[in-house]
Amino acid sequence: MNPNLPSWIDLHLHSTASDGELAPADLVAAVAAAGVKVMALTDHDSVAGLDEARAACVQHGLQLVNGVEISCRHDTLDVHIVGLGIDPASPQLQGHLAAQMARRAARAQVISTRLQKEGFPDLLERASAGAPQGIPARPHFARALVAAGHCRDEKDAFAKYLSTGKPAYVKMDWPSLADAIGWINSAGGVAVLAHPHRYKLTRTKLDLLLRGFREAGGRAVEVAVANQEATSVQQLADFSCRYGMVASKGSDYHGPSMRWVQPGKMPALPSRCTPVWSLLGIQEPQKI
Ligand code: AMP
Ligand code: MN
Ligand code: MN
Ligand code: MN
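**Student:** Before we move on, could you go through the coordination of the manganese ion (ligand 4) and cite the residues and values that matter?
**Tutor:** Ideal geometry at a metal centre gives angles of 109.5 degrees when four donors are arranged tetrahedrally and 90 or 180 degrees when six donors are arranged octahedrally. Within the protein, the atoms that donate to the manganese ion (ligand 4) are His12 (NE2), His14 (NE2), Glu69 (OE) and Asp252 (OD), at distances of 2.1 to 2.3 Å. Taken in sequence order, the residues that donate to the manganese ion (ligand 4) follow the motif H-x1-H-x54-E-x182-D. The metal-metal distance between the manganese ion (ligand 4) and the manganese ion (ligand 2) comes to 4.7 Å. Judged by relative accessible area, histidine 12 falls into the buried class, the value being 0%. Residue histidine 14 is classed as buried on the basis of its relative accessible area of 0%.

Laid out in C-alpha cells, this is it:
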C-alpha cells in the first residue's frame, strides 16, 4: 500500500448533496482542518452542494473547484466520470443531472421492493430521510439496513445486498461513457476517469477502457485515491502518460464513519504525471 500522504489538493469529495455524511459547509471545515488548500466537491450526479461549499471555502480560505461525479455505463460496467472545472449553471448539464436523479428515484423504488423480498420491512422512507431531494442512493439504503439492525455496517450491507450481482442490486440504464464525457466537456470541464482500479479489470480491458475514454473526449485519469495500492498508482500513471492524459488525485472521502479514508489523504502522483490542475489554472503553493 502507498502511504496516504497529506496533500494541499483534494479533487474528489462527497457531501450530503449526494451520499456523503457531512453537509457541504461541514465538509469544507473538515477539509480545511486537514490542511488542504484546493478542493473539488464532486457529488454523484449533482451540483446542488456547490453554492454552500463555495461560501464555506471563502470563510476557510480554500479554493473551490466546481465538480461532479457522473454515473455511466460502459459495456457491462458501471463507470464513474468526475467532471472538474465545470460551469454548474450550464442549463444542458443541469438538465442531464435532473434526468440522472429521475433514474435514481425510479431505482430507489426497485431497491426497496427487492429488499422487501429479502424479508425486510419497507426501508424506503428510512433511506429517503437523509437523502438529497429525498432520493436515496445505495449508501442511504446501506445506512438504513445498519440503523434497523439488519447489517453490521455499510460494507456488510453492500456485500450482502447492494453490490453488483447481489439481491438488491439493480442494473441501471445509465447514460453512455461518451454522453457523460460530452456533458462535462460542454459545461467547460475536464472529464476524469474516476478510480479505474476499482473496476477490477484485466490489463487488456483496462487498456480498452482508457482508450475508449480518451477517444470519447476524456482528458484525465484519476491516478491516486485513498488507500490505493502502489502498483495500481504506478500502472495508472503509465497509462495516463502513454495516452497523453493528465492525472488527478482525490480522497473520495464520504464522511467520518469510514475511518480509513480522510480528506486530503491519498498517495502522491508519480512525478512523470502531468497534474490535472495544470489544465485548471491552479498552481502548487510551493511553486508560486
Ligand atoms: P450509487 O451511486 O447509489 O449506485 O451508490 C454508489 C456508492 O456506494 C459509491 O459511490 C460508494 O460511495 C458506495 N459504495 C459502493 N460500494 C461500496 C461498498 N462495498 N461499501 C461501502 N460503500 C460502497
Ligand atoms: Mn459515493
Ligand atoms: Mn465513484
Ligand atoms: Mn466518489
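**Student:** I'd love a proper account of the side chain of histidine 14, names of residues and values included.
**Tutor:** One can find histidine 14 in the loop between strand S2 (9-10) and helix H1 (24-33). Here glutamate 69 takes part through its side chain, which lies 3.0 Å from a polar atom of the side chain of histidine 14. Setting aside chain neighbours within four positions, we find histidine 14 in contact with Asp19, Gly20, Leu27, Leu41, Thr42, Asp43, His44, Glu69, Asp252, Tyr253 and His254.

**Student:** Can you lay out the pairing of strand S5 (residues 77-84) for me, pointing to particular residues and giving the numbers?
**Tutor:** The element S5 is extensively covered by neighbouring structure, given that seven of its eight residues are classed as buried. Bridge analysis of strand S4 (residues 63-74) against S5 gives eight bridges, and the strand direction is antiparallel. Looking at S5, one finds that glutamate 69 is bridged to valine 82. Adjacent in sequence and paired antiparallel, S4 and S5 are bridged by two residues, among which aspartate 75 carries a positive phi angle near 55 degrees. Summarising the sheet, S5 and strand S6 (residues 190-193) pair through four bridges and their orientation is antiparallel. Looking at the pairing, glycine 83 lines up with alanine 191 of S6.

**Student:** Which residues make up the site of ligand 1, and what values do they have?
**Tutor:** Contacts to ligand 1 come from Asp19, His44, Arg104, Arg107, Ala137, Arg138, Pro139, Lys155, Phe158, His254 and Met258. The contact in question runs from an oxygen atom of ligand 1 to an N or O atom on the side chain of arginine 138, over 2.8 Å. Side-chain polar atom of histidine 254 to an oxygen atom of ligand 1: 2.9 Å apart, as the coordinates give it. Summarising the interface, the protein chains cover 76% of the accessible area of ligand 1, which totals 500 Å² for the free molecule. Within the residue set of the shell around ligand 1, elements represented by two or more residues are helix H3 (91-117), helix H5 (138-147) and helix H6 (154-162).

**Student:** Can you tell me about the packing of aromatic side chains, naming the residues and giving the values?
**Tutor:** Applying the stated criterion across every chain, the model contains three aromatic pairs. Between tryptophan 8 and tryptophan 277, the aromatic rings sit 5.2 Å apart at their centres with planes inclined by 80 degrees, giving edge-to-face as the arrangement. Of the two residues, tryptophan 8 sits in the loop between strand S1 (5-6) and S2 while tryptophan 277 sits in the segment after strand S9 (265-266), which places them 269 residues apart along the sequence. Ring centres of phenylalanine 239 and tyrosine 243 lie 6.3 Å apart, and the angle between their planes is 10 degrees; on these two criteria the pair is classed as stacked.

**Student:** Which residues make up the sheet that holds strand S7 (residues 220-225), and what values do they have?
**Tutor:** Ordered in space as S2-S3-S4-S5-S6-S7-S8, the seven strands form an open sheet in which the pairing is mixed. The open sheet is flanked by S2 and strand S8 (246-250), the only strands paired with a single partner. In the sheet, S2 pairs with strand S3 (residues 38-41) via two bridges, with the strands oriented parallel. Looking at S3, one finds that aspartate 10 is bridged to methionine 39.

**Student:** Mind laying out the packing of H3 against H5, listing which residues take part and the relevant values?
**Tutor:** It is the contact of H3 with H5, at a shortest axis distance of 11 Å, that shows an interaxial angle of 30 degrees. When the interaxial angle is binned, H3 and H5 end up roughly parallel. Two packed elements cross with a definite hand, and for H3 against H5 that hand is right-handed. Of H5, the residues touching H3 (which contributes Arg107, Ala108, Ile111, Ser112 and Leu115) are Arg138, Phe141 and Leu145.

**Student:** Explain the environment of alanine 127 to me, and be specific about the residues and the numbers.
**Tutor:** In this structure, alanine 127 sits in helix H4 (residues 124-129). Overall, the relative accessible area of 1% leaves alanine 127 in the buried class. Note: C-alpha distance between alanine 127 and lysine 205 (78 residues apart in sequence) is 35 Å. Leave out the neighbours within four places in its chain, and alanine 127 touches Pro136, His140, Phe141 and Ala144.

**Student:** Quick one: what's the story with the packing of H5 against H6, residue by residue and with numbers?
**Tutor:** Where H5 meets H6, the axes come as close as 9 Å, and the angle between the chain directions of the two elements is 105 degrees. Relative to H6, the element H5 lies roughly perpendicular. Taking contact as the criterion, the partners of Arg138, Pro139, Phe141, Ala142, Arg143, Leu145 and Val146 in H5 are, on H6, Glu154, Ala157, Phe158, Tyr161 and Leu162.

**Student:** How would you summarise unusual backbone geometry if you had to cite specific residues and measurements?
**Tutor:** You will see that aspartate 45, though not glycine, has its phi angle at about 55 degrees, which is positive. For aspartate 45, the position within the fold is in the loop between S3 and helix H2 (50-60). Even without a glycine there, the phi angle at glutamine 133 is positive, about 55 degrees. Tracing the sequence through the fold places glutamine 133 in the loop between H4 and H5.

Scoring rules and cut-offs
Residues numbered from 1 in each chain as written. Chains lettered and ligands numbered in written order. Predicted model: local features only at pLDDT ≥ 70, side-chain atom pairs only at ≥ 80, totals over all residues. Heavy atoms only, no water. Donors = N, O, S within 2.8 Å, 3.2 Å for Na, K, Ca; no water. Buried < 20%, exposed > 50% of the residue type's maximum accessible area, 1.4 Å probe, protein only. Helix = DSSP H or I, 4+ residues; strand = E, 2+ residues; numbered from the N terminus. Polar contact = N/O pair within 3.5 Å; in protein donor to acceptor, adjacent residues only side chain to side chain. Contact = heavy atoms within 4.5 Å. Pairing = 2+ DSSP bridges. Near = heavy atom within 4 Å. Areas by Shrake-Rupley, 256 points an atom, 1.4 Å probe, with all protein chains shown as cover. Phe/Tyr/Trp six-rings, centres within 6.5 Å; stacked < 30°, edge-to-face > 60°. Axes fitted to C-alpha atoms, helices over the stretch in contact; angles between N-to-C directions. Parallel < 35°, antiparallel > 145°, perpendicular 65-115°, else oblique. Left-handed = near helix turned anticlockwise from the far one by under 90°.

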